[in-house]
Amino acid sequence: MIELSYLTVLECSKCGRVFDPDHVQSVCDKCGKPLLASYDIESIKLQFSRKDFAHREASMWRYFEILPVKDKRNIVTLGEGWTPLTPTPRLGDLLGISNLLVKDEGIIPTGSFKARGLSAAISKAKELGIKRVALPSAGNAAGAISAYGARAGMEVYVFMPEDAPKVNIVESLVAGAEVELVKGLITDAGRLAAEGESVKGWFNISTLREPYRIEGKKTMGFEVAEQMGWRLPDVIVYPTGGGTGIIGMWKAFDELEQLGWIGEERPRMVSVQAEGCAPIPKAFKEGREESEYWEGAKTIADGLRVPKALGDFLILRVVRESDGTAVAVSDDEILDSVRMLARVEGIFACPEGGATLAALRRLLDDGSIDHDESVVLFNTGTGLKYIHLFKADAPVHGSSRG
Ligand SMILES: *Cc1c(COP(=O)(O)O)cnc(C)c1O
Ligand SMILES: [Zn+2]
């Protein structure tokens, strides 16, 4: 059978205007909101069943038909996706919960799940003939676009806050990207990336200004469903920055339901942020449809340091539609949870991943999650990228005296 993408159009997430995916697109030219990809799901449904996907390659590209690249030769991949959904029974025992799993994105090229989004975006950019790309990043997206851009032979420009982790600056530079450090936050970096669009002629791959990163991220939703035997957990706890993952997974579940591969049940989606930058929990609590810019954003979880997300209204919609919630946790709780996950289950999570465990502990304490519910935590990157957060003093043995 010929494999082909069933991508049809891009549709504005706010006003529903339709755009042609064979041309380079950014946000809606009418309302400035993100565009989302649509597929001819009916045709996929007629030709494929869940079983057809069972023996495919162990990467996110196993879902090729429901991804936006039309010609397989344009795929730029390092083997991203199909990460383990690791049962964590010892941690579950400790917390008194019987069915706890960690979707471990620490085991992925470039060390964070940004690889999924950038593999999809760079592949589609290649298909559209784009040669020069730029992106503002808190850190991990810069490393990922540098790697995938290098593999595609593109010129890559990244803009990061000057206090971005050194590892992200190094991984970008080593891969040959032009790196510019910016006084301020990711929103300030975003301004520079946007300003260069017309002057420098690059394509801006900023979160949700570009329509395909979210398509890569949605595969996390496909994978959770497939790995659980086409059943979804009761609760998904997700560390939210720009929100592509949580919005993408929600989209993925809708696509799976239209395919008839899952029913209408949905997990409660928990959006986790840090107390030092919590625009989504604040807007959720206040019943707002959009968030307000968070002044003075500060947290050790760099991926969560997004003071105002372009897709905030979509994140809030997912949380509400799913009957979920939004939680802000402290940096101390985050570090404590990173240590707990490593000590009890051997998973050295990034702080963003630690934040999901911190949130779970709170939600179990206040009774929002029952002890017999199935819960999936998302560890979105490896702790190995964050050793600067840990003080580790070990005794030195052996004498150098003669
Ligand atoms: C970017 C990032 C996040 C936030 O991801 P979104 O899907 O954009 O909300 C979470 N964790 C890590 C490690 C990140 O790099
Ligand atoms: Zn619109």
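Everything here concerns the structure above.
Residues numbered from 1 in each chain as written. Chains lettered and ligands numbered in written order. Predicted model: local features only at pLDDT ≥ 70, side-chain atom pairs only at ≥ 80, totals over all residues. Heavy atoms only, no water.

S.K.: Can you help me understand the overall build of the protein in this one?
M.R.: Each helix and strand in the protein was counted, giving 12 helices and 13 strands. Compactness check: the protein gives a C-alpha radius of gyration of 20 Å against a globular reference of 21 Å for 402 residues, within 12% of the reference. For the protein, the C-alpha atoms occupy an extent of roughly 65 × 50 × 50 Å along the three principal directions. Within the protein, the fraction of its 402 residues that count as buried is 58%. Here the contacts in the protein between residues at least 6 apart in sequence split such that 70% fall between residues at least 24 apart. If you sum the accessible surface of the protein, you get close to 16600 Å²; carbon and sulfur atoms cover 50% of it. Here the protein contributes 48 positively and 57 negatively charged side chains, and the mean placements of these two sets differ by 3 Å. (Helix = DSSP H or I, 4+ residues; strand = E, 2+ residues; numbered from the N terminus. Rg over C-alpha atoms; globule rule 2.2 N^0.38 Å. Buried < 20%, exposed > 50% of the residue type's maximum accessible area, 1.4 Å probe, protein only. Contact = heavy atoms within 4.5 Å. Areas by Shrake-Rupley, 256 points an atom, 1.4 Å probe, with all protein chains shown as cover. Lys, Arg positive; Asp, Glu negative; His and termini not counted. Charge placed at Lys NZ, Arg CZ, Asp CG, Glu CD.)

S.K.: Mind showing me how you'd approach the site of ligand 1 here?
M.R.: Taken together, 17 residues lie near ligand 1, and K114, Y238, G241, G243 and T380 sit nearest. Contacts to ligand 1 include G245, whose backbone N or O atom sits 2.9 Å from an oxygen atom. T380 places a side-chain nitrogen or oxygen 2.7 Å from a nitrogen atom of ligand 1. Sorting the residues of the shell around ligand 1 by element identifies β10 (235-239) and α8 (244-259) as the ones contributing at least two each. Here the shell around ligand 1 is composed, by residue class, of 5 nonpolar, 9 polar and 3 charged. (Near = heavy atom within 4 Å. Polar contact = N/O pair within 3.5 Å; in protein donor to acceptor, adjacent residues only side chain to side chain. Nonpolar A, V, L, I, M, F, W, Y, C, P; charged D, E, K, R; others polar.)

S.K.: Any chance you could explain the pattern of salt bridges here in plain terms?
M.R.: Tallied over the entire structure, the rule returns 32 salt bridges. A salt bridge links E155 to R132; the nearest nitrogen and oxygen atoms lie 3.0 Å apart. One end of the pair, E155, is in strand β7 (residues 155-161); the other, R132, is in strand β6 (residues 132-136), with 23 residues separating them in the sequence. For R132, a relative accessible area of 30% corresponds to the partly exposed category. Connected through salt bridges with shared partners, the residues K33, E290, K308 and D312 form a single ionic network. (Salt bridge = Lys/Arg side-chain N within 4 Å of Asp/Glu carboxyl O.)

S.K.: For this particular structure, what's the right way to read the sheet that holds strand β3 (residues 35-39)?
M.R.: Strand pairing in a sheet takes place through backbone hydrogen bonds and is either antiparallel or parallel in direction. The sheet built from 3 strands is open, its strands ordered β2-β1-β3 with antiparallel pairing. Edge positions in the sheet fall to β2 (18-19) and β3, since each has one partner strand and no second. Judged from the 4 bridges that link them, strand β1 (residues 7-12) and β3 form a sheet pairing that is antiparallel. Residue pairing across strands places L10 opposite A37, the latter belonging to β3. (Pairing = 2+ DSSP bridges.)

S.K.: Looking at this model, I keep getting lost on the coordination of the zinc ion (ligand 2). Mind explaining?
M.R.: Metal coordination angles in their ideal form are 109.5 degrees for the four-donor tetrahedron and 90 or 180 degrees for the six-donor octahedron. For the zinc ion (ligand 2), every protein donor is listed as C12 (SG), C15 (SG), C28 (SG) and C31 (SG), and the spread of their distances is 2.3 Å. We note that the donor set of the zinc ion (ligand 2) lies within a single chain, spaced as C-x2-C-x12-C-x2-C. Here the residue C15 occupies a position in the loop between β1 and β2, and C31 occupies one in the loop between β2 and β3, the gap between them amounting to 16 residues. Residue class for C31 comes out partly exposed when judged on its relative accessible area of 30%. (Donors = N, O, S within 2.8 Å, 3.2 Å for Na, K, Ca; no water.)

S.K.: Even after reading the chapter, I still don't get the environment of T86, so can you show me in this structure?
M.R.: By secondary structure assignment, the location of T86 is in strand β4 (residues 85-87). Residue classification places T86 among the partly exposed positions, given a relative accessible area of 24%. Residues T86 and V376 lie 290 residues apart in sequence; the distance between their C-alpha atoms is 9.3 Å. Setting aside residues up to four positions removed in sequence, T86 forms contacts with L100, L101, V102, D104 and I347.

S.K.: Mind showing me how you'd approach a nonpolar patch on the surface here?
M.R.: Where nonpolar side chains cluster on the molecular surface, the patch consists of F348, L384 and I387 and spans about 310 Å² of accessible area. Here I387 shows up in the segment after β13 (374-379). (Patch = residues over 30% accessible without salt bridge, like charges linked within 9 Å, V, L, I, M, F, W, Y side chains within 5 Å.)

S.K.: What is the right way to read the pairing of β6 from this model?
M.R.: In the case of a regular strand, side chains alternate between the two sheet surfaces. Taken across its 5 residues, β6 has 4 buried, putting it largely inside the fold. The pairing of β6 with β7 spans 5 bridges and is parallel. By the bridge assignment, A134 is partnered in β7 with Y157. Read as a crossover between parallel neighbours, the route from β6 over helix α4 (residues 140-151) to β7 is right-handed. As defined by bridge partners, β6 adjoins strand β9 (residues 203-204) across 2 bridges and the pair is classed as parallel. Looking at β9, one finds that A134 is bridged to N204. (Right-handed = clockwise from strand over helix to strand, strands pointing away.)

S.K.: I tried to follow the packing of aromatic side chains on my own but got confused; where do I start?
M.R.: The geometry of two aromatic rings is summed up by the distance between their centres and the angle between their planes. Applying the stated criterion across every chain, the model contains 11 aromatic pairs. Judged by centre distance (5.0 Å) and plane angle (35 degrees), the ring pair of Y157 and W202 falls under tilted. Here the residue Y157 occupies a position in strand β7, and W202 occupies one in the loop between α6 (186-200) and β9, the gap between them amounting to 45 residues. For W202, a relative accessible area of 7% corresponds to the buried category. Summarising the aromatic geometry, the rings of F159 and W202 are spaced 5.6 Å apart at their centres and angled 55 degrees between planes, so their arrangement reads as tilted. Of this pair, F159 sits in strand β7 while W202 sits in the loop between α6 and β9, and the two are 43 residues apart along the sequence. For F159, a relative accessible area of 3% translates into the label buried. The positively charged end of K72 is found above the aromatic ring belonging to F64, 5.1 Å away from the centroid. Sitting over the ring of W250, R266 keeps its end group 6.0 Å from the ring centre. (Phe/Tyr/Trp six-rings, centres within 6.5 Å; stacked < 30°, edge-to-face > 60°. Lys NZ or Arg CZ within 6 Å of the ring centre and 35° of its normal.)

The quantities given are spatial measurements derived from coordinates; they are silent on function.
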